[in-house]
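Report on the structure
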Amino acid sequence: ANGLIKLDPTRVIGTIDDKVYSGFLEHMGRCIYGGIVDFDCTVPGLTNEKGYRLDVGKALKDLDMPVVRYPGGNFVSSYHWLDAVGPKENRPRRPELAWLGEESNQFGTDEFMEWCEYMGTEPYLCLNMGTGTLDEALAWVEYCNSDKNTYYANLRRKNGHEKPYNVKYWSLGNEVWGPWQVGQMTAEDYSKKAFQWAKALKLLDPDIKLVACGKDGLDTWDFTVTQALITQIDYYSIHLYTSHEEYYKNVTCVAAAERAIQITSRLLDLATITQKAYDKHVKICFDEWNVWDPMRAPGHLGAEEKYTLSDAIAVASWGNLFVRQAPTVGMANIAQCVNVIAPVMTTPTDMLLQTIYYPFLLFTKYMRGQSLNLHVEGPTYKGETGAFFGDYMKWIKTTEPAIMLLDVSAAKKDGIVSIAVVNRSLEEDVVTAFELEGEYKEDVVTYSVYNDDIAAVNTYEKKDVVGIEEKTVKLSELKSFTVKKHSFVMLRITQA
Ligand code: AHR
């Protein structure tokens, strides 16, 4: 098949917020304990004196995530942050209602803040709107951010942390709409409660940025909540996981997420106008996204996904859509970082980078700066597609004429144009002509993620079945450049 990609680097769509490469850590399965920390580790050099897994720290540092969301997820809806501060021997073990486990509270707010500092990332805390109270939420903000002579600020000092952490991002609950959520609410009830919480939280600390709990962008929940909260919030959160056992459905259903962003941004525009919130520029915070099917995933809670090459292709398309939708997305958090629906896996003695780690790494490394407009031609997919939140895709099927098999985005930063090309065809290489406006240097660096087998996985025995292959080609070769079937290629072209 033939393809065409036309690019003019002066045609800027918008600035890519670095925060779209953020992460998420939840007290779920082996994400915290056994993932980012191992307090029982016996392998010399694998952890530091604080119990941080150093190999995991390095793998995540390479992903350069600007923000990490914590502590949930569903977990947060019955979490009392006060249980997890102060002397560790005094911290209560609690039943945990989201994943029906026990929480030791040995890793809490101060440990997370210290870990963020070590990682060079900013914390983003999610508030408990299930069993939690507004008093408790205010106390948490005071504990983290206040430099005054008040009770919770002093408690932080007493716990050995003189300086405030200045946590900027706070979200008003997690998936409050879900029947699985402790404290599920209707959109109306949530809106009323969140409005009052937002007012009080901003009185305490006007500098914080508040994230409202949205659904997937398509529900009446999203209409009601954007209308009710637009004047109080800075970000509006949506969640979506995509996945399908059939290859084409798996790699194309990511389109649902792009439509979710487009629809949500229009709902936000509408709310801005109807509520006369003209000074507000509320951005989307896509604070849970990934390929995930809890029914297929092995391990505890259906959370220990084993990612294939097909999933890596899907994750590359997730990256593309965040770049293309740059003007409206202010943050996105891959869910999650370690062991749970994650690019990085561990055993007590070893670590593994899954297939999806590699496309995500290429995006966070190179797809920053300005997002560029593109013209793309090529083969299309006209068959069935699917998604984790199923009906959504049925609707997209009836509104989209076809889904492009060449899925592309482009970014420009520091005189380098990066083009991310996913060929989702299962059968055909696409011989692609790049038509680039402007002058460029001769050498083009390319990074490919490919395997002959779409089911290929990395294992502890064979860790590098899927990785990144780097190659330098000549600019003239881009007139007829082969993008292999079911592969992801990133091209880095330097402006002359
Ligand atoms: O990331 C796993 C879970 O998925 C989160 O706890 C929840 O918010 C979502 O349903």
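Before any of the text, the structure's been laid out above.
We now turn to the structure provided with this report. If you're wondering where the values come from, they're calculated on a predicted model, not measured in any experiment.

Our next topic: the pairing of strand β6 (residues 122–126). Successive residues of a regular strand alternate their side chains across the two faces of the sheet. In terms of burial, β6 is largely enclosed, as 4 of its 5 residues are buried. As defined by bridge partners, strand β3 (residues 67–70) adjoins β6 across 4 bridges and the pair is classed as parallel. Of the residues in β6, the one forming a bridge with V67 is E122. In the sheet, β6 pairs with strand β7 (residues 169–171) via 3 bridges, with the strands oriented parallel. Opposite C126, over in β7, you have S171 as the bridge partner.

The strands making up a sheet are joined through hydrogen bonds of the backbone, oriented either antiparallel or parallel. An order of β21-β20-β23-β18-β17-β14-β1-β19-β22 is seen for the 9 strands of this open sheet, with the pairing classed as mixed. Of all the strands in the sheet, just β21 (469–474) and β22 (481–483) have a single pairing partner and so form its edges. Going across the sheet, the axis of each strand differs from the next one's by a mean of 30°, ignoring polarity. Relative to strand β23 (residues 487–495), strand β20 (residues 440–449) runs antiparallel, the two being bridged by 7 bridges. Residue pairing for β23: V445 is matched across the bridge by R492. On the sheet, helix α10 (residues 357–366) packs against β17 (406–413), β18 (416–423), β20 and β23 and is oriented at approximately 20° with respect to β23.

Our focus in this paragraph is the site of the ligand. The immediate surroundings of the ligand are formed by 13 residues, with E26, N74, E175, Y241 and E288 found nearest. N174 is positioned such that a nitrogen or oxygen atom in its side chain is 3.0 Å from an oxygen atom of the ligand. Taking 280 Å² as the accessible area of the ligand by itself, protein coverage stands at 94%. Of the residues in the shell around the ligand, the class split is 6 nonpolar, 4 polar and 3 charged.

Parameters and conventions
Residues numbered from 1 in each chain as written. Predicted model: local features only at pLDDT ≥ 70, side-chain atom pairs only at ≥ 80, totals over all residues. Heavy atoms only, no water. Buried < 20%, exposed > 50% of the residue type's maximum accessible area, 1.4 Å probe, protein only. Helix = DSSP H or I, 4+ residues; strand = E, 2+ residues; numbered from the N terminus. Pairing = 2+ DSSP bridges. Axes fitted to C-alpha atoms, helices over the stretch in contact; angles between N-to-C directions. Contact = heavy atoms within 4.5 Å. Near = heavy atom within 4 Å. Polar contact = N/O pair within 3.5 Å; in protein donor to acceptor, adjacent residues only side chain to side chain. Areas by Shrake-Rupley, 256 points an atom, 1.4 Å probe, with all protein chains shown as cover. Nonpolar A, V, L, I, M, F, W, Y, C, P; charged D, E, K, R; others polar.

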